[in-house]
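Architecture and fold: a report
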Amino acid sequence: MTLLRRYEEAQLAARLEEGQQGEQFRILDPALPPRGPAVPNRPRLLLMGFALAFAMAFGAAMAAEWLDTTFHSVDELRAFARVPTLANLPLIVTTRDVRQRRWRMALGTVSVIAALALIGKASHYVAHGNEQIVRMIDRGPA
């Protein structure tokens, strides 16, 4: 078997020499298969995604609270202003307020769905024709 392989390699080298006029190519180190998978560690990637999402949500909540300058209680108002508080008026909700709240909720829902659809379409556009990426991700741990 080894003799046959060497004979075929010699014939191939002779044909290459004739075609390349004296240039020779040799394989110095043959390729070795990888010892571990070449794909990302899925559980670690998922955990990192959740951690990043949690950190961003926490940061957004902190930023919203820091930028909110309204007073939420009489005690906050008294701590801010040294003048006495005369009255505390409760929030009066009208039907217009309810309609505006529902409209904002519907608009927010539609915008989130549109953003998710846009992200999905962009992912499809980027990944279309990249079979190597799909094979790399689809291959599970060996």
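Moving on to the overall build of the protein chain. The helix and strand inventory of the protein chain stands at 5 helices and 0 strands. Taken over 142 residues, the protein chain has a buried fraction of 1%. By element, 66% of the accessible surface of the protein chain is carried by carbon and sulfur atoms, the whole surface being about 14,200 Å².

What follows concerns the pattern of salt bridges. On inspection of all chains with the given rule, the structure shows 1 salt bridge. The salt bridge partner of Glu-9 is Arg-5, with a shortest N-O separation of 3.5 Å. Placement of both Glu-9 and Arg-5 in helix H1 (residues 2–20) is noted, with a separation of 4 residues, approximately one turn of the helix. Classification of Glu-9 by relative accessible area gives partly exposed; the value is 45%. The exposed category is assigned to Arg-5, whose relative accessible area is 54%.

Turning our eyes to something else, we now look at a nonpolar patch on the surface. A cluster of nonpolar side chains, contributed by Phe-54, Phe-58 and Met-62, occupies part of the molecular surface with about 370 Å² of accessible area. Relative to the assigned elements, Met-62 resides in helix H2 (residues 42–67). We classify Met-62 as partly exposed; its relative accessible area is 47%.

A separate point is helix H4 (residues 95–127). For H4, which comprises 33 residues, the first-to-last C-alpha distance of 48 Å matches the rise-based estimate of 48 Å (1.5 Å per residue) to within 8%. Immediately beyond the C-terminal end of H4, within one or two residues, lies Gly-129, with a positive phi of roughly 85°.

A few words on the packing of aromatic side chains. By the definition in use, this model includes 1 aromatic pair. Taking the centre distance of 5.2 Å and the plane angle of 50° together, the rings of Phe-71 and Phe-80 count as tilted.

A word on the confidence of the model for the protein chain. Scored by pLDDT, the protein chain has a mean of 83; 85% of the residues are at 70 or more. At the low end of the mean pLDDT range in the protein chain sits helix H5 (residues 131–138), at 69; at the high end sits H4, at 93.

On the surface, a cluster of negative charge is contributed by Glu-65, Asp-68, Asp-75 and Glu-76. Within the secondary structure, Asp-68 is located in the loop between H2 and helix H3 (74–80). A relative accessible area of 31% places Asp-68 in the partly exposed class.

Rules and cut-offs
Residues numbered from 1 in each chain as written. Predicted model: local features only at pLDDT ≥ 70, side-chain atom pairs only at ≥ 80, totals over all residues. Heavy atoms only, no water. Helix = DSSP H or I, 4+ residues; strand = E, 2+ residues; numbered from the N terminus. Buried < 20%, exposed > 50% of the residue type's maximum accessible area, 1.4 Å probe, protein only. Areas by Shrake-Rupley, 256 points an atom, 1.4 Å probe, with all protein chains shown as cover. Salt bridge = Lys/Arg side-chain N within 4 Å of Asp/Glu carboxyl O. Patch = residues over 30% accessible without salt bridge, like charges linked within 9 Å, V, L, I, M, F, W, Y side chains within 5 Å. Expected span 1.5 Å × (residues − 1). Phe/Tyr/Trp six-rings, centres within 6.5 Å; stacked < 30°, edge-to-face > 60°. pLDDT = per-residue confidence, 0-100. Lys, Arg positive; Asp, Glu negative; His and termini not counted. Charge placed at Lys NZ, Arg CZ, Asp CG, Glu CD.

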